[in-house]
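Survey of secondary and tertiary structure
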Amino acid sequence: MTTTTARSALLTDTHQGPVSTGPALLTHTQHPTDRTTGRPTDRPTDQRERFYGLVPELVAADPRVVALLADIGAGYTAIPDAVADRVINVGIREQLLVSAAGGLALTGMRPLVHTFAPFLVERPYEQLKLDLGHQGTGAVLVAAGGSYDMPTAGETHFGSRDVPLLDTLDGWTVHVPGHADEAEDLIRTALPGDDRVYVRLSGRSNAGAHPVGDRMTVLRRGSGGTVVAVGPMLDRTLDAVRDLDVTVLYASTVRPFDAVTLRATLAEPDVVLVEPYLAGTSSHLVAEALADLRHRVLGLGVGRVELRRYGTAADHDTAHGLDAAGIRRSVEAFLVG
């Protein structure tokens with residue numbers, strides 16, 4: 001049995017405190033570096049800001065890498081003259097952004113493509129399907145904005161449909177880092193290849209980073225079911241189930257889905273997914289992984305009912321049942337009854 005849950009109450013008109021609309025502009029100053037790794041020791045903890053700081057280094061380190069922007073981020077990154085010809089801002093032309101990536105990939109380049117999630121997946125979906133997928137080319141797509149990191153921007157900037165849409169296409173690896181260190185490691189690992197990779201950055205992160213890779217991280221073992229927390233949902237999920245007898249798995253890579261770890265740690269065939277995009281996005285993959293077992297799946301995530309008042313990101317969490325209290329209610333109702 002598969003259940004998809006998200007609360008759909010309308011947001012209030014009022015804001016509780018200031019609303020963050022994104023990371024502060026980078027300051028283009030010299031940062032102290034680690035003598036062993038050569039990396040700055042005061043690297044930004046915001047995922048998007050970390051990415052902007054990495055772009056000049058990543059382009060300079062590999063002559064195949066070409067960064068493609070669609071205005072978003074163009075003012076946040078200081079590009080040295082030596083690599084300026086491999087940082088291209090196409091303007092607010094997202095279909096061109098992806099088509100250019102496909103063309104450059106055909107010449108042997110490795111495109112590093114960036115904008116907000118709805119502009120990177122929804123608007124140029126046909127170009128993802130044809131210019132990358134059908135042509136058999138690859139690129140690293142780095143999305144910002146999460147599902148509703150910029151609530152004051154409204155529905156145009158909400159990105160909860162990105163991973164479900166990519167599920168309709170073949171051959172995509174999808175990473176959902178929960179910390180800036182994870183985001184950096186995943187992007188660095190993806191660049192040397194030629195495959196299609198999507199990295200979904202979030203404006204909110206967990207307190208600490210976890211190892212990244214194809215396998216989920218086993219954080220706790222219990223006997224009352226399994227809770228899978230994806231990316232930035234981990235800390236609030238751990239808070240929600242802190243005194244429940246459940247296994248907790250953490251995933252920063254969601255495609256391909258790690259069925260091996262899920263099955264290897266399964267005590268009871270009751271699985272709760274806590275994902276930061278559309279509720280139930282990975283439920284079908286859990287069902288496939290446990291097809292030979294009688295099982296139940298609860299998919300928590302962003303609801304399909306549109307919330308038409310801006311509010312704050314925290315307001316949206318509450319409305320969708322994705323704050324710690326909402327996750328607790330859903331998990332208890334599903335596992336305990």
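1. A few points about the side chain of Glu275
Within the secondary structure layout, Glu275 lies in strand 12 (residues 270-278). For Glu275, which is buried and forms no salt bridge, the nearest opposite charge comes from Arg255, at a distance of 4.9 Å. Looking at Glu275, its side chain comes within polar contact range of the side chain of Ser282, at 2.5 Å. Not counting residues up to four positions away in its chain, the partners in contact with Glu275 are Val230, Met233, Gly280, Thr281, Ser282, Leu300, Gly301, Val302 and Leu322.

2. Regarding the pairing of strand 13 (residues 296-302)
Among the 7 residues in strand 13, 6 count as buried, and that is most of the element. For strand 12 and strand 13, the ladder comprises 6 bridges, and the chain directions are parallel. From the neighbouring strand, Leu273 faces strand 13, where its bridge partner is Gly299. For the handedness criterion, the β-α-β arrangement of strand 12, helix 9 (residues 283-289) and strand 13 is classed as right-handed.

3. Here we look at the nonpolar core
Core analysis: the largest hydrophobic core is formed by 39 residues, its most contacted members being Leu128, Leu141, Trp172, Tyr198 and Leu262. Within the second largest apolar cluster, 22 residues are counted, among which are Val241, Leu244, Val272 and Phe334.

4. A closer look at the packing of helix 2 (residues 94-106) against helix 4 (residues 125-134)
Each packed pair of helices is defined by two parameters, the angle between the axes and the distance between the axes. Put simply, helix 2 and helix 4 touch, their axes get as near as 8 Å, and they point 10° apart. Classed by the angle they form, the pair helix 2 and helix 4 counts as roughly parallel. Contacts from Gln95, Val98, Ser99, Ala101 and Gly102 of helix 2 reach helix 4 at Gln127, Leu128, Asp131 and Leu132. Residue composition of the contact of helix 2 with helix 4, by class: 4 nonpolar, 4 polar and 1 charged.

5. So, unusual backbone geometry
The peptide bond linking Arg255 to Pro256 adopts the cis configuration, its omega dihedral lying at 0°. Mapped onto the secondary structure, Pro256 falls in the loop between strand 11 (253-255) and helix 8 (259-264). Notably, Asp71 is not glycine yet its phi reads approximately 70°, a positive angle. With respect to the helices and strands, Asp71 occurs in the loop between strand 2 (65-69) and strand 3 (87-89).

6. Some details on the packing of helix 1 (residues 47-61) against helix 6 (residues 180-190)
Running from N to C, helix 1 and helix 6 cross one another at 35°; their axes reach a closest spacing of 9 Å. For the pair helix 1 and helix 6, the crossing hand works out as right-handed. Facing helix 1, whose interface residues are Gln47, Arg50, Phe51, Leu54, Glu57 and Leu58, helix 6 presents Ala180, Asp181, Ala183, Glu184, Ile187 and Arg188. For the contact of helix 1 with helix 6, the residue count by class is 6 nonpolar, 1 polar and 5 charged.

7. Section: the sheet that holds strand 2
Pairing is mixed in the open sheet, where 7 strands are placed in the order 3-2-4-5-7-6-11. Either end of the sheet is taken by a strand with one partner, and the two such strands are strand 3 and strand 11. Sheet twist, expressed as the mean angle between neighbouring strand axes with direction ignored, is 20°. The pairing of strand 6 (residues 172-175) with strand 11 spans 2 bridges and is classified as antiparallel.

Calculation rules
- Residues numbered from 1 in each chain as written.
- Predicted model: local features only at pLDDT ≥ 70, side-chain atom pairs only at ≥ 80, totals over all residues.
- Heavy atoms only, no water.
- Helix = DSSP H or I, 4+ residues; strand = E, 2+ residues; numbered from the N terminus.
- Buried < 20%, exposed > 50% of the residue type's maximum accessible area, 1.4 Å probe, protein only.
- Lys, Arg positive; Asp, Glu negative; His and termini not counted.
- Salt bridge = Lys/Arg side-chain N within 4 Å of Asp/Glu carboxyl O.
- Polar contact = N/O pair within 3.5 Å; in protein donor to acceptor, adjacent residues only side chain to side chain.
- Contact = heavy atoms within 4.5 Å.
- Pairing = 2+ DSSP bridges.
- Right-handed = clockwise from strand over helix to strand, strands pointing away.
- Core = buried A, V, L, I, M, F, W, Y, C linked by side-chain atoms within 4.5 Å.
- Axes fitted to C-alpha atoms, helices over the stretch in contact; angles between N-to-C directions.
- Parallel < 35°, antiparallel > 145°, perpendicular 65-115°, else oblique.
- Nonpolar A, V, L, I, M, F, W, Y, C, P; charged D, E, K, R; others polar.
- Left-handed = near helix turned anticlockwise from the far one by under 90°.

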